[in-house]
Every structure is written in C-alpha cells, then in structure tokens.
Amino acid sequence: MLKIYNTLTRKKEIFKPIKDGEVSIYACGPTVYSTPHIGNYRTFLMTDNIVRTLEYLGYKVKLVMNITDIDDKTIRDSKKAGMSLKNFTEKYTQEFFRGLDMLNIRYASVYPKATENVDGMIELTKKLIEKGMAYEKGGSIYFRISSFKDYGKLSKIDLEKIKIGASVDVDEYDKENPRDFVLLKASTPREIKRGICYESPWGKIRPGWHTECSVMAMKEFGPTLDIHTGGVDLIFPHHENEIAQSEGSTEKTFVRYWIHVEHLMVNSEKMSKSKGNVFTLPEIIEKYSGEIVRYMFLSVHYRRQLNYTENFAENAINNYQKLKETFENLEFALKSADKKEYPSDKETLEFLSILETEFKEALTDDFNTPKAIKVFRELSRVANKYIETGKNKSVIEKMHSLYRQFADVLGLFSKIKKENIPEEIMRLVEEREITRENKDWQKADELRDNVKDLGYIIEDSKEGPKIKKIGL
C-alpha cells in the first residue's frame, strides 16, 4: 500500500489513482536559459524515482514534463547572446537532455513546450475573464486572486499580506508580497521586433510563466491529474497560481497529490552565484560519475535537504563502490556455480524473500530511497557471504535476479557492460596462473604489474582471477 506525503494536506496519504492501475504525473521541467545546476537535477531525478517505483508496483505511468522556452529569463539571455529565442532555447534544451542521460533518468512520455501551447493559454484566459476571475490592464491579462477563495491552500501563505488590486508583470515575486499574477503579458516593442509575440483578442502578447503548466497538464490529462512534482521553491507562487487558474476555470480539483523535493545545499549554504558554490551537472559528473551522483541523490530522502560536502561525497562513493563490487562478484559467481546443495541454501533463500519485502515496504513509505538502499546493502552483505560458502546455481541466480531488480528500481548499474578483455591481457593472466601454480611468486608479481601497466587489475579469488579495467 503506497503512502505519499501530500504537500496540500501536510501528511502522508494512501495513494489511490483516478484510474485503477494507471497514474498521471505532471512535472515542472527546466527553464531552458542556462545549464541546469545540480539542484535542478535532484528534482528531475526524484520524479524519475517516483515513476520507477510506481512501475515496480505494477502501475502504468504517463509522465508529462514541460519545457519553458519563453519567459523573462529566456528572452533576456537570448538577447544578450545575440541569438533568436528559438535557437537559444534549443541549445539549452539539448543540454538538459544530455544531463538526463548522464544520470540515467528515463525520458517522460511527452515534453510539451510553452511556445507550442499559446492557443490553449489564450482559451484559458478567455474563460477566466468570462467568469470575472481575470482582467485586462495595459494589454496584459491578470488573474484576480480575490476571486479564488481557496488561494493559499497549498502554500499556507498569509492572505492578509495580499494587496488586492495590485498587479505585476514579473514571473516570480517576493514570497511575502503576493499580488494578482499575470496570465498573458503584453509584448514589448523590442519583443515584437524580435518576433516574440502572439496575436490575441487583447493585442500582441506572450505567455506568463504560471499559465503554461495549467494548460499543458490539462491538455494531456483533463481537468484533474494524480500527481504533480517540483521543487519546494515552486510551491509559491508557481504551484499556488497553477491551482488558482486551473480550479478557477474548471471548478474541479486540479491535482490530487502534490510532491515537492527539498533544496540541495553546498556546505550548509544555499547555492548562489555570489558565493561561487553553484555546480552544473557536467562539472560534478566530471569529478565523480553519473552513477555516483545518482547514488548521492538517492541516499537522502527527497523531503530532507541534501547537504553536499566533500565528506558526504566520499561516503557515497565508498558505499556505491561496495554495491557495484558485489554486483560484479555475482556476475562472476554465476560462471562457476554448480547444482550441489549447501547447508545455507534454505536459510539464504528465506532471507532473500524477507529483503524483497523490506525493499518494497521502504519505497511504498513515501518513496524512502535511503531505507531502500539500506536493504540493498544488506542484500550485498548476504550475497558476498554466500558466495564464500555456497555455490548453488539456483540460489545465486535468485540472488543475482533480486540484486538486478533492486538496482533497476533505483536506476543503478544500467551502464555497466561486460568488458571484453584484450587477448594480450588474457595471455598474461594465464601465464601468471601457471607461475603461481609453480610457486614462482616473483614472476607472478611481475606479470601482475605488467597487466596493471596495460590498464587492468587482477583480483585473486577462490574461483580464479577476476580481471577489471582500472577506473570502472
């Protein structure tokens, strides 16, 4: 039974989708004006983990993630770069996808773009004006917050601080000073000159940031969807405004479960350019690897702040490497397994069943990946112990299958491929085995060093030598 912490109610709730066996998810995607930093990707990975868990539990999932390719930032920075808005945003859209690949984040079902959904935004705005919930001012259209009685139900913002009748054009504004927000913005003369405008009943406009998500979510799923994800920084104003304009137009619940991921900190400080502690994904992956960064993100529950430090990273690297080595040990053990029965077989199989249950229970408790990893590490310990004392083929196959299952749900080890060892390396390894049988330890050490000079290491075991490429 899956339980989800719902930001709307501030408590864990038993998950019941609108349609049995199917789940609709809308995720706030990137604003494509620069290379996303690692905090952005923590949110994207959290959504990926939710999808993987739901599919593991047997649900059919449709994920929609928007691409914000028109807003204040994209217009401003494309002008600075001397590029058209389309070419500029396409460049950073491709960078976003490269980042997904680096972290083994599976793609969404659909990636709608804001610029491709302006007609829907105009229709939504018309409906809100007809209902008296929006008004035109200076060519821009604003949502009248006072017209939606439930405004603030997601963020729990103090409604006494709202200035009724005030309106602003910026996409984001101070948390302590909410005002009527813009649905469609009047294009400026400079924007019109650059072709950044769309015809509407109120003149040449371009989308407001909040409007796009409501339109694209309802286009794909209808008036109500199961889950909406994003970072905690989007709770207000973005998601609060999504609720107001969506439910204001349809008079139906917009989202049933809101899931938000906490901030990623660097040495206990929020990332900021002024402090020089903003890391892009390529920068941190060059230092570690995509798999290790993914493991780092999974090792802290999404509702807790992740404090990135060197010590945290080193600990994650060590724990990841131990899990990876066990996976390689199991792959190797499969080759030498037999059909004999061992005293520990029954006990081991029973314990594997317990671990499988505990792994599932961890993930159904609000996607608790740290707890799931703890179970995974226990499976690693049991696997290594059994490999030393037993070699029953059916037991090792079951163990390997469960290990692979855990890894797939967490998105780990997918890029590990069987290494084709060069013939020269194999020849040296075979020669070394002969020298070891003859107890010529000095020659054996020399051959081991020769193999190392060629980029490989030899690990001796009871089953024979294991050969690994250095760095993998």
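For the structure given in this document, a descriptive report is provided here. (Residues numbered from 1 in each chain as written. Predicted model: local features only at pLDDT ≥ 70, side-chain atom pairs only at ≥ 80, totals over all residues. Heavy atoms only, no water.)

## Regarding the sheet that holds strand β6 (residues 140–143)
Part 1: Ordered in space as β5-β6-β7-β9-β8, the five strands form an open sheet in which the pairing is antiparallel. Each of the sheet's edge strands pairs with one partner strand only, and the pair in question is β5 (134–137) and β8 (198–200). Sheet twist, expressed as the mean angle between neighbouring strand axes with direction ignored, is 40°.
Part 2: Pairing between β5 and β6: four bridges, direction antiparallel. Its bridge partner lying in β6, Ala-134 is registered against Phe-143.
Part 3: Contacts from helix α4 (residues 118–130) reach β5, β6, β7 (181–186), β8 and β9 (203–207), with the element oriented near 125° to β7. (Pairing = 2+ DSSP bridges. Helix = DSSP H or I, 4+ residues; strand = E, 2+ residues; numbered from the N terminus. Axes fitted to C-alpha atoms, helices over the stretch in contact; angles between N-to-C directions. Contact = heavy atoms within 4.5 Å.)

## Considering the environment of Lys-443
Part 1: Position of Lys-443 among the secondary structure elements: in helix α15 (residues 441–453).
Part 2: Remark: the alpha-carbon pair of Lys-443 and Glu-431, spanning 12 residues in sequence, is separated by 9.6 Å.

## Considering the packing of helix α10 (residues 310–336) against helix α13 (residues 393–410)
Part 1: Contact pair α10 / α13: the axes reach a minimum separation of 10 Å and the direction vectors enclose 145°. Seen along the crossing, α10 lies across α13 with a hand that is left-handed. Residues Leu-323, Thr-326, Phe-327, Leu-330, Glu-331, Ala-333 and Leu-334 of α10 form the contact with α13, whose participating residues are Lys-393, Ile-396, Glu-397, Met-399, His-400, Tyr-403 and Arg-404.
Part 2: Partitioning the contact of α10 with α13 into residue classes produces eight nonpolar, two polar and four charged. (Left-handed = near helix turned anticlockwise from the far one by under 90°. Nonpolar A, V, L, I, M, F, W, Y, C, P; charged D, E, K, R; others polar.)

## Re the sheet that holds strand β12 (residues 264–266)
Part 1: On the basis of which strands lie adjacent, the open sheet formed by three strands has the order β13-β12-β14 and mixed pairing. Edge positions in the open sheet fall to β13 (269–270) and β14 (306–308), since each of these has one partner strand only.
Part 2: Bridging between β12 and β14 involves three bridges; their strand directions are parallel. Residue pairing for β14: Met-265 is matched across the bridge by Asn-307.

## Here's the deal with empty space enclosed by the protein
Here the idea is plain: a probe the size of a water molecule rolls over the atoms and shows the empty space left.
Part 1: Scanning the entire structure with this criterion turns up two cavities of 30 Å³ or more.
Part 2: Together, Arg-42, Leu-45, Met-46, Asn-49, Phe-297, Leu-298, Val-300, His-301, Tyr-302, Phe-367 and Thr-369 line the largest cavity.
Part 3: Elements that contribute at least two residues to the lining of the largest cavity include exactly α1 (38–56) and α9 (290–298).
Part 4: Of the residues in the lining of the largest cavity, the class split is seven nonpolar, three polar and one charged. (1 Å grid on protein atoms, 1.4 Å probe; cavity = no way out; pocket = protein on both sides within 12 Å on 5 of 7 lines; lining within 4 Å. Points joined across faces, edges and corners; volume = space filled by probe spheres on them.)

## A few points about the pattern of salt bridges
Part 1: As enumerated under the stated definition, the model contains 29 salt bridges in all.
Part 2: Of the charged contacts, one joins Glu-199 and Lys-204 as a salt bridge, the two residues approaching to 2.9 Å between their closest N and O atoms.
Part 3: What makes Glu-199 exposed here is its relative accessible area of 56%.
Part 4: Between Arg-427 and Glu-424 there is a salt bridge; the shortest N-O distance is 3.0 Å. Here the residue Arg-427 and the residue Glu-424 both occupy positions in helix α14 (residues 423–437), the gap between them amounting to three residues, near one helical turn.
Part 5: Judged by relative accessible area, Arg-427 falls into the partly exposed class, the value being 41%. (Salt bridge = Lys/Arg side-chain N within 4 Å of Asp/Glu carboxyl O. Buried < 20%, exposed > 50% of the residue type's maximum accessible area, 1.4 Å probe, protein only.)

## Some points on the environment of Arg-303
Part 1: Among the secondary structure elements, Arg-303 is positioned in the loop between α9 and β14.
Part 2: Taking the C-alpha atoms as reference points, Arg-303 and His-263, separated by 40 residues in sequence, lie 8.7 Å from one another.
Part 3: Engagement of the side chain of Arg-303 in a polar contact is seen with the side chain of Asp-366, the distance being 2.8 Å. (Polar contact = N/O pair within 3.5 Å; in protein donor to acceptor, adjacent residues only side chain to side chain.)

## Digging into the packing of aromatic side chains
Part 1: With the rule as written, the count across this model stands at 24 aromatic pairs.
Part 2: Look at Tyr-41 and Phe-96: their rings are 6.5 Å apart centre to centre, the planes differ by 15°, and that puts the pair in the stacked class. Taken as a pair, Tyr-41 in helix α1 and Phe-96 in helix α3 (residues 85–102) lie far apart in primary sequence, 55 residues in all. Phe-96 shares its class with Tyr-41; the two are buried. (Phe/Tyr/Trp six-rings, centres within 6.5 Å; stacked < 30°, edge-to-face > 60°.)

## A few points about the nonpolar core
A general tendency of soluble globular proteins is for nonpolar side chains to be buried together.
Part 1: By size, the foremost hydrophobic cluster in this structure holds 88 residues, and its most contacted members are Tyr-308 and Phe-376.
Part 2: Contacts of Tyr-308, omitting those with residues within four sequence positions, involve Leu-264, Met-265, Val-266, Asn-267, Phe-279, Ile-284, Lys-287, Tyr-288, Met-296 and Ala-313.
Part 3: Counting 43 residues, the second-largest nonpolar core is a separate cluster that includes Val-64, Phe-148, Val-215 and Phe-254. (Core = buried A, V, L, I, M, F, W, Y, C linked by side-chain atoms within 4.5 Å.)

## Notes on the pairing of strand β1 (residues 3–6)
Every regular strand shows the same layout, with side chains that alternate between the two sheet faces.
Part 1: As judged from the four bridges shared by β1 and strand β2 (residues 11–14), these two strands associate in the antiparallel manner. Pairing of Lys-3 across the sheet is with Ile-14, part of β2.
Part 2: Taking the residues between adjacent antiparallel strands as the criterion, β1 and β2 are bridged by four residues, where Arg-10 takes a positive phi near 60°.

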